[in-house]
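Architecture and fold: a report
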Amino acid sequence: MKIDIITVVPELLESPLSHSIMKRAREKGLLEVNLHNLRKWAINKYGQVDDYQYGGGAGMVMMCEPLVNAIEELQKDTSYDEIIYMTPDGGTFNQRTANNLSLKENVLIICGHYKGIDQRIRDHYVTMEISIGDYVLSGGELAAAVVVDAVGRLLPGVLNDETSALTDSFQDNLLAPPVYTRPENFNGWEVPAVLLSGDPKKVDQWRYEQSLANTRLRRPDLLKDDL
Ligand code: 6GU
């Protein structure tokens, strides 16, 4: 999978996408992430990519011209399955969206800053708008890093048995069960006996019951919507 990202602050995305599982996914060639600095397509030598908004009001708006030139140039090499705009008024990102995106070949992500991007870009280029939750970030970059991480780890071959996505919270609309590691007794705190029983059927059953109980208690909403 290839993900191109248009941003005015590539530095915000570099580190989160260069460590741990994202690093391995990229090194293995399973995930290609390219950061494109929008300033490259600025309208003047001052690097301008934003301007005052029509109708007045506080905050700058990212202009059409640099964005169109950036998108059109990238589209010369790539036919995108989705052009995503990261925005707090987009659809809320969840595991289902991550699963769907992980099946795409080429995705372009546009990170907004300031008051956002000119509406005409959203009307004429953007195919999907994503928010990561009901709060406002200073820009779309951290949200884009969240999306790339959640999607990247689902690509076949990225995770191994130790990190398998199949047992994650949300993958089946249930929260994950509790986990334990050595020692069996720490300060008198015991590992649940069933996990030491050596009976995989019993262990599976216990984990499922714990997942269900956890979900009922903490996130009953998950049991209502179908993934
Ligand atoms: Cl995608 N962008 C911004 N700026 N704020 C957000 C967001 C995105 N998702 C939640 N808050």
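Here the structure is a predicted model, which means the values were calculated and not measured. (Residues numbered from 1 in each chain as written. Predicted model: local features only at pLDDT ≥ 70, side-chain atom pairs only at ≥ 80, totals over all residues. Heavy atoms only, no water.)

1. Re the side chain of Thr215
Selection criterion: The helix count covers DSSP runs of H or I at least four residues long, the strand count covers runs of E at least two residues long, and both are numbered beginning at the N terminus. Think of a polar contact as two N or O atoms within 3.5 Å of one another; within protein, one of them needs to be a possible hydrogen donor and the other a possible acceptor, and neighboring residues in sequence only count if both atoms come from side chains.
Position of Thr215 among the secondary structure elements: in helix H7 (residues 200–218). At 3.0 Å, the side chain of Thr215 and the backbone nitrogen of Leu175 are in polar contact. Polar side-chain contacts of Thr215 include one of 2.6 Å to the backbone oxygen of Ser211.

2. Points about the UniProt feature "binding site: S-adenosyl-L-methionine" (unreviewed entry) in the protein chain
Where we set the bar: UniProt positions are given in the numbering used here, feature names are shortened, and annotations may be inferred rather than shown by experiment. Every residue pair with non-hydrogen atoms within 4.5 Å of one another is taken to be in contact. Under the scheme applied here, a residue whose accessible area is under 20% of the maximum for its type counts as buried, over 50% as exposed, and between as partly exposed, the area being computed with a 1.4 Å probe on protein chains only.
Within the UniProt annotation, "binding site: S-adenosyl-L-methionine" (unreviewed entry) is assigned to Gly112, Ile132, Gly133, Asp134, Tyr135, Val136 and Leu137. Residues contacting Gly112, with those up to four places away along its chain left out, are Met62, Tyr85, Met86, Ile117, Gly139, Gly140 and Glu141. Assessed through its relative accessible area of 9%, Gly133 is described here as buried.

3. Overview of helix H2 (residues 20–27)
Defined as follows: The directions considered for the arc are those from the helix axis to the C-beta atoms.
Among all positions of H2, only Ile21, Met22 and Ala25 are buried. End-on view of H2: buried residues confined to an arc of 100°, all on one side of the axis. For H2, exposure combined with an orientation more than 90 degrees from the buried face picks out Ser20 and Glu27. Just past H2, the residue Gly29 takes up positive phi, approximately 80°.

4. Points about the site of the ligand
How we decide: Throughout this document, a residue counts as near a molecule or strand when at least one of its heavy atoms sits within 4 Å of that molecule or strand. A 1.4 Å probe and the Shrake-Rupley method give the accessible areas. Residues count as covered only by the protein chains that appear here.
Taken together, 13 residues are adjacent to the ligand, and Thr87, Ile132, Gly133, Tyr135 and Leu137 come closest. Here Leu137 contributes a backbone N or O atom positioned 3.0 Å from a nitrogen atom of the ligand. Isolated, the ligand exposes 290 Å² of accessible area, and the fraction of that covered by the protein chains is 96%. For the shell around the ligand, the secondary-structure elements that each account for two or more residues are strand S5 (82–92) and strand S7 (128–131).

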